[in-house]
Amino acid sequence: MELKTHWNGNGASSVLVGNVRIGAGGYTVIAGPCAVESEAQIMAAAEFVAEGGAAILRGGAFKVRTSPYDFQGLGAQGLGHLRRAGDAHGLPVVSDVVEPGDVGLVSESVDMLQVGALSMQDFALLRAVGRAEKPVLLKRGPAATIEEWLLAAEYILNEGNSQVVLCEQGIRTFDSKTPSTLDIGSVPRVKQLSHLPVLIDPSHASGASDLVLPLALAGRAAGADGLMVEVHPSPDEARTDGPHQLDKDEYLALMHALGIVHLRDDIDVIDREIVRLLARRVKGAVDIAHIKVEEGIPLRSPDREEDLLADFRQEAELLGLDAKVVHQLFVEIIEYSRHEQAEAVRKAGRSE
Ligand code: MN
């Protein structure tokens, strides 16, 4: 039988979460605390999550816990905190859904639904998220085979939702030195068997913050489409999963090791340079305007502007840019400079 999750020769799928695409050759980092504990906590986390360059914010509001006496999450209130934190920092958000009846409620607040590892074979929940209009992050259960994991995803696709991202987070092990074994081999195997994007979760797989970075690098080397990592402003005070959550510095070091901070820094430097150059251009235009007024030369030279714009369009095309967009940008810049020139000349005239 032809399964909807299986590789079908049409290439790898990608999944759009808010404005972030997972798969399609990119590398996506989802980061945030295990659980939303307060508005201040998720806001503080979101701030450094964004600073480090992760694309999506996570935070559990409805938690699946091994013990019914452990913290179960802030529920709907936590979803509100998460949404506001994501919006404040321009990050789409993902959160767990536990009960099939909560799918509608959680969908209203998040950009992506997560089905946690302990819910992987909750077939009623899988069917419910399969009918939702949101992408789904499906964790691999701690004792699930790859086949069972893909069949769990099949339940979601079979209800009409093909926006599924898989996430490997470690399988049951006999060894007490690591709580579970991150099944690195599952990443290339699943990518061979299925068209769905695959992430790894080095946090739950390691159970200890010092193992997160090496496992993250291993996952990337194995071809994962990204990772989900748990971070907390003060992991020692975390109400859940304290031992493996990264603090800000550990998280920034991880992003640096993955090469992500570097890319963002580079863009920040370029943007700052663009602003500096714009300031130089405006100042130069104003200086020239004063000289032109003194010498009685007209301020505008439309022929020169037209020649310049034609040059820029040509240059843009050579560099692989859209000539129309570059043309429009320069029309704006020239207009702005002209406005500043006129203002400066008007002020100078008044003070004389
Ligand atoms: Mn957790």
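See above for the structure.
Treat the numbers as computed from the prediction; the structure is a model and nothing was measured.

**Topic: the coordination of the manganese ion**
Those protein atoms acting as donors to the manganese ion are C34 (SG), H204 (NE2), E230 (OE), E230 (OE) and D241 (OD), and they sit at 2.0 to 2.6 Å. As a motif over one chain, the donors of the manganese ion read C-x169-H-x25-E-x10-D. Residue C34 is found in the loop between β3 (28-32) and α1 (39-52), and its partner E230 is found in strand β12 (residues 226-230); the two are separated by 196 residues along the sequence. As far as the burial class goes, C34 and E230 line up, both buried.

**Concerning the packing of aromatic side chains**
As enumerated under the stated definition, the model contains three aromatic pairs in all. Measuring from centroid to centroid gives 5.8 Å for F48 and Y251, while their planes differ by 55°, and the two rings are tilted. On the criterion of sequence distance, the pair formed by F48 in helix α1 and Y251 in helix α9 (residues 248-257) is long-range, its members being 203 residues apart. Ring centres of F123 and Y155 lie 4.6 Å apart, and the angle between their planes is 35°; on these two criteria the pair is classed as tilted. One end of the pair, F123, is in helix α4 (residues 123-130); the other, Y155, is in helix α5 (residues 146-158), and 32 residues separate them in sequence. Over the ring of Y27 we find R220, and its NZ or CZ is 4.2 Å from the ring centre. In this structure, R239 is placed above the aromatic ring of F71, and the distance from its NZ or CZ to the ring centre is 3.8 Å.

**As for the pairing of strand β1 (residues 14-17)**
Burial of the side chains of β1 is restricted to one face: V15 and V17 are buried, whereas none of S14 and L16 on the reverse face is. Here β1 runs beside strand β2 (residues 20-23); their pairing, made up of four bridges, is antiparallel. Pairing of S14 across the sheet is with G23, part of β2. Adjacent in sequence and paired antiparallel, β1 and β2 are bridged by two residues, among which G18 carries a positive phi angle near 60°.

**What to know about the pattern of salt bridges**
Within the structure shown, the criterion is met by 16 salt bridges. For the salt bridge of E343 with R346, the shortest nitrogen-to-oxygen distance reads 3.3 Å. Placement of both E343 and R346 in helix α12 (residues 323-351) is noted, with a separation of three residues, approximately one turn of the helix. The network of salt bridges with shared partners includes R83, D87 and D111.

Procedures and definitions
Residues numbered from 1 in each chain as written. Predicted model: local features only at pLDDT ≥ 70, side-chain atom pairs only at ≥ 80, totals over all residues. Heavy atoms only, no water. Donors = N, O, S within 2.8 Å, 3.2 Å for Na, K, Ca; no water. Helix = DSSP H or I, 4+ residues; strand = E, 2+ residues; numbered from the N terminus. Buried < 20%, exposed > 50% of the residue type's maximum accessible area, 1.4 Å probe, protein only. Phe/Tyr/Trp six-rings, centres within 6.5 Å; stacked < 30°, edge-to-face > 60°. Lys NZ or Arg CZ within 6 Å of the ring centre and 35° of its normal. Pairing = 2+ DSSP bridges. Salt bridge = Lys/Arg side-chain N within 4 Å of Asp/Glu carboxyl O.

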